[in-house]
Amino acid sequence: MDQGTRDEMLGCLAEAVGSVAVTHPTRVAVDGPPAAGKTTLADELAVVLRTQGRDVIRATIDDFLFPRAQRYPRGEYSAEGCYFDAHDTEALNRVLLDPLGPGGDRRFQPAVCDRTTDTVFSPPVTTASVDAVLIFDGVFLMRPELIDRWDLRIFVSAALDRTVDRAVIRERQVSSRADVERRWRERYIPAQQFYFATVRPNDQVDIIVHNDEPRQPVWVNRTR
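Residues numbered from 1 in each chain as written. Predicted model: local features only at pLDDT ≥ 70, side-chain atom pairs only at ≥ 80, totals over all residues. Heavy atoms only, no water.

Caption draft 1: Structural view of helix α7 (residues 177-198). The terminal C-alpha atoms of α7 lie 30 Å apart, and with 22 residues this matches the ideal 32 Å at 1.5 Å per residue to within 8%. The largest bend in α7 comes to about 40°, at W184. Residues of α7 that are buried sit in contact with β2 (26-31), α3 (68-71), α4 (79-84), β9 (152-157), α6 (160-170) and α8 (201-204). Trailing α7 by a residue or two, R200 shows a phi angle of about 55°, which is positive. (Helix = DSSP H or I, 4+ residues; strand = E, 2+ residues; numbered from the N terminus. Expected span 1.5 Å × (residues − 1). Bend = angle between axes of the 7 residues up to and from the residue. Contact = heavy atoms within 4.5 Å.)

Caption draft 2: Main features of the sheet that holds strand β11 (residues 218-221). The 7 strands lie next to each other as β1-β11-β10-β9-β2-β8-β3, forming an open sheet whose pairing is mixed. Two strands bound the open sheet, and with one partner strand each, they are β1 (2-3) and β3 (56-60). In the sheet, β3 pairs with strand β8 (residues 133-138) via 5 bridges, with the strands oriented parallel. Note that in β8 the partner of V56 across the bridge is V133. (Pairing = 2+ DSSP bridges.)

Caption draft 3: Region of interest: the layout of surface pockets. Of the voids in this model, the largest pocket is the one considered here, and its volume is about 1100 Å³. What lines the largest pocket is a set of 47 residues, among which D62, R170, E171, W184 and Y188 lie closest to the centre. Secondary structure elements with two or more residues in the lining of the largest pocket: α2 (38-51), β3, α3, β5 (113-114), β6 (119-120), β8, α6 and α7. Counting residues per element, the lining of the largest pocket draws most heavily on α7, which supplies 6 residues. Class assignment of the residues belonging to the lining of the largest pocket gives a composition of 19 nonpolar, 9 polar and 19 charged. (1 Å grid on protein atoms, 1.4 Å probe; cavity = no way out; pocket = protein on both sides within 12 Å on 5 of 7 lines; lining within 4 Å. Points joined across faces, edges and corners; volume = space filled by probe spheres on them. Nonpolar A, V, L, I, M, F, W, Y, C, P; charged D, E, K, R; others polar.)

Caption draft 4: Molecular detail of the packing of aromatic side chains. Scanning all chains against the criterion turns up 11 aromatic pairs. Between the aromatic rings of Y83 and Y195, the centroid separation amounts to 6.2 Å while the plane-to-plane angle is 40°, which identifies the pairing as tilted. Within this pair, whereas Y83 is found in helix α4, its partner Y195 is found in helix α7, the two being separated by 112 residues in sequence. Here Y83 falls in the buried class, since its relative accessible area comes to 5%. By relative accessible area, Y195 is classed as buried at 0%. Members of the aromatic cluster, each reached through a chain of ring pairs, are Y83, F84, F140, F155, F194, Y195 and F196. Taking NZ or CZ as reference, R143 lies 4.1 Å from the ring centre of Y83, over its face. (Phe/Tyr/Trp six-rings, centres within 6.5 Å; stacked < 30°, edge-to-face > 60°. Buried < 20%, exposed > 50% of the residue type's maximum accessible area, 1.4 Å probe, protein only. Lys NZ or Arg CZ within 6 Å of the ring centre and 35° of its normal.)

Caption draft 5: Seen up close, α2. An ideal rise of 1.5 Å per residue puts 20 Å on 14 residues; α2 measures up with 20 Å between its terminal C-alpha atoms. Among the residues of α2, those classed as buried are K38, L41, A42, L45, A46 and L49. Relative to the axis of α2, the buried residues are bounded by an arc of 140° and lie together on one face. Structural note: α2 exposes V47 and T51 on the side pointing more than 90 degrees away from its buried face. Of the surrounding elements, those touching the buried residues of α2 are α1 (6-18), β2, β3, β8, β9 and β10 (207-210). G53 lies just past α2 and shows a positive phi near 95°. (Arc of directions from axis to C-beta.)

Caption draft 6: Up close: the pattern of salt bridges. A complete count under the given rule lists 22 salt bridges for this structure. As a salt-bridge pair, E44 and R6 come within 2.9 Å of each other at their nearest N and O atoms. You can see E44 sitting in helix α2 and its partner R6 sitting in helix α1, a full 38 residues away along the chain. Among the salt bridges present, the one from R177 reaches D165, with a minimum N-O distance of 3.8 Å. Here R177 is found in helix α7, whereas its partner D165 is found in helix α6, with 12 residues between them in sequence. A relative accessible area of 42% means that D165 is categorised as partly exposed. The network of salt bridges with common partners includes R170, E171, D179 and R183. (Salt bridge = Lys/Arg side-chain N within 4 Å of Asp/Glu carboxyl O.)

Here it is, written out as structure tokens:
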């Protein structure tokens with residue numbers, strides 16, 4: 001277990017990315033609960049890698065949501081629905097992860113939906129360079145449908161109660177505290193607890209970043 005500055009942690013992650021030896025683009029998963037800080041970490045890691053001269057593709061599970069009318073069949077606050085009904089993992093594999101993986105043609109699309117308008121979205125197909133790096137953040141990335149698609153697996157950990165407080169701050173312009181707390185405590189946290197119990201993501205990943213104190217992170221690197 002290591003502890004250090006934010007820059008030291010990012011340097012460690014960049015080194016781990018650089019150590020991946022594959023003959024196709026490197027697919028990096030940044031998993032973790034909502035509001036754990038995974039999107040921020042993924043953005044920061046992308047900056048570091050680009051500074052090092054790597055061609056980086058940034059994508060997120062939020063751009064692989066089913067349409068709203070399709071993703072709430074069990075109700076808006078259903079934890080089971082959060083895990084089973086929210087994300088189009090088949091499309092994610094088909095248009096992004098498999099094309100960038102072994103035997104793929106490297107022709108990919110980074111999204112299938114526009115989450116702001118809740119509409120299906122088909123961006124232009126792009127061809128990745130063979131040494132490109134995909135930095136992909138999202139929830140439930142170690143689930144059985146996706147686990148074998150990653151070349152490096154990172155999990156951003158934070159106490160679930162702390163993610164509620166972060167979410168209240170993050171969403172205060174668009175949601176009331178009561179609404180945020182209800183979504184987290186009835187939907188998101190129970191869904192994560194189900195994921196932890198059934199998938200055990202901490203046992204599946206290469207690196208765990210404990211992000212309760214983002215400026216003083218602690219991390220475990222199993223790639224060394």
